[in-house]
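Report on the structure
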Amino acid sequence: DAGVIQSPRHEVTEMGQEVTLRCKPISGHDYLFWYRQTMMRGLELLIYFNNNVPIDDSGMPEDRFSAKMPNASFSTLKIQPSEPRDSAVYFCASSRTSGGPLGHNEQFFGPGTRLTVL
Amino acid sequence: GDSVTQMEGPVTLSEEAFLTINCTYTATGYPSLFWYVQYPGEGLQLLLKATKADDKGSNKGFEATYRKETTSFHLEKGSVQVSDSAVYFCASQKVTFGTGTKLQVIP
């Protein structure tokens, strides 16, 4: 199994530019999560999907952030326009429904995309 | 709502010392509980889990017991190694992560 795949691994861009981060979850997993990690704020859940449908996007910081999951094997997180405070490591994770009433099981994380906005 | 609280770091220990990282939770129902580990420059990976009260999860010498009466899931290891240096996250099945505890083990 290839695990969760994220691209690019590193992104350096200038303020105001559009940034698109990509994620391929593990085949057969029906949950997909986007996180942001910084020294100041730690690990933050931005949004998660179940069967390609956004379930909770309350962690998305503002309208500049958007996420899509057009099919079960691909998701994007877009920032437009980007700002220096968006600099962080962005993780994608996926998991499989546990079958119980509380839904998903343990999450498998990708290696992350380190974003630097100058 | 559900929440997870874990002890602040960083924690610095000498090799072969005993490790405890505290984690307490508040939850509706009895969600599965997890400990994840993040090594420098990598994503989080599952270390161990427990799916119901009184379950003990264990892996790589680490253990944690799901205690309903104290709403706790403390991580323990009897003898830490330098290679255990990492950030440890307690988490609930309801997509709730603790703030992470950085562990540094010195030779």
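That block above? That's the structure.
Below is a summary of the structure that appears in this document. Owing to the predicted nature of the structure, the values given are computational and were not obtained by experimental measurement.

A few points about the pattern of salt bridges
All names here are of chain A. Evaluated as defined, the whole model comprises 12 salt bridges over all chains. Between E62 and R64 there is a salt bridge, and its shortest N-O distance comes to 2.9 Å. The class of E62 is partly exposed, set by a relative accessible area of 28%. Of the residues examined, R64 reaches a relative accessible area of 10% and is grouped as buried.

As for the sheet that holds strand 7 (residues 56–59) of chain B
Residues and elements named next belong to chain B. An order of 3-9-8-7 is seen for the 4 strands of this open sheet, with the pairing classed as antiparallel. Two strands bound the open sheet, and with one partner strand each, they are strand 3 (19–21) and strand 7. The average angle at which neighbouring strand axes cross in this sheet is 15°, direction not considered. Of the pairings in the sheet, the one linking strand 7 to strand 8 (residues 62–65) comprises 4 bridges and is antiparallel in character. Residue pairing across strands places S58 opposite E63, the latter belonging to strand 8.

Considerations on the side chain of D30(A)
All names here are of chain A. Turning to its location among the elements, D30 is positioned in the loop between strand 3 (19–24) and strand 4 (31–38). No salt bridge forms around the buried D30; measuring N to O, its nearest opposite-charge neighbour R96 is 6.8 Å away. Apart from the residues lying within four places of it in its own chain, the contact partners of D30 are F49, N50, N51, S95, R96 and T97.

Here we look at the interface of chain B and chain A
On the side of chain A, 18 residues touch chain B, which itself brings 16 residues to the contact. Of the roughly 1,300 Å² buried between chain B and chain A on both sides combined, carbon and sulfur atoms contribute 59%. Between chain B and chain A we count 1 salt bridge in total. One salt bridge in this structure joins K49(B) and E106(A), with 2.9 Å as the shortest N-O distance. Along the contact surface separating chain B from chain A lie 4 residue pairs in polar contact (both at pLDDT 80 or more). When residues of the side of chain B that touches chain A are traced back to their parent elements, those giving at least two are strand 5 (33–38) and strand 6 (44–50) of chain B.

A short note on the side chain of S75(A)
Residues and elements named next belong to chain A. Within the secondary structure, S75 is located in strand 8 (residues 74–79). Residue S75 is classed as buried on the basis of its relative accessible area, which comes to 0%. Within polar-contact distance, the side chain of S75 engages the side chain of W34 at 3.0 Å. When near neighbours in sequence (up to four residues on either side) are disregarded, S75 contacts L21, R22, C23, L32, W34, F49, K68 and M69.

Topic: the nonpolar core
The biggest cluster of nonpolar side chains holds 25 residues, and the ones touching the most others in it are W35(B), L47(B), L48(B), F73(B), L75(B) and Y88(B). Elements supplying a minimum of two residues to this core: strand 2 (11–14), strand 3, strand 4 (23–26), strand 5, strand 6, strand 8, strand 10 (86–92) and strand 12 (101–106) of chain B.

Regarding the sheet that holds strand 3 of chain A
Residue and element names in this part refer to chain A. Spatially, 4 strands are ordered 1-3-8-7 in an open sheet, and the strand pairing comes out antiparallel. The sheet is open, and its two edges are formed by strand 1 (5–7) and strand 7 (65–71), each paired on a single side. The average undirected angle you get between the axes of adjacent strands in this sheet is 15°. As paired elements, strand 7 and strand 8 share 5 bridges and run antiparallel to each other. Across the sheet, F65 pairs through a bridge with I79, a residue of strand 8.

Reading the values: rules and limits
Residues numbered from 1 in each chain as written. Chains lettered and ligands numbered in written order. Predicted model: local features only at pLDDT ≥ 70, side-chain atom pairs only at ≥ 80, totals over all residues. Heavy atoms only, no water. Salt bridge = Lys/Arg side-chain N within 4 Å of Asp/Glu carboxyl O. Buried < 20%, exposed > 50% of the residue type's maximum accessible area, 1.4 Å probe, protein only. Pairing = 2+ DSSP bridges. Helix = DSSP H or I, 4+ residues; strand = E, 2+ residues; numbered from the N terminus. Axes fitted to C-alpha atoms, helices over the stretch in contact; angles between N-to-C directions. Lys, Arg positive; Asp, Glu negative; His and termini not counted. Contact = heavy atoms within 4.5 Å. Buried area = accessible area lost by both parts, 1.4 Å probe. Polar contact = N/O pair within 3.5 Å; in protein donor to acceptor, adjacent residues only side chain to side chain. Core = buried A, V, L, I, M, F, W, Y, C linked by side-chain atoms within 4.5 Å.

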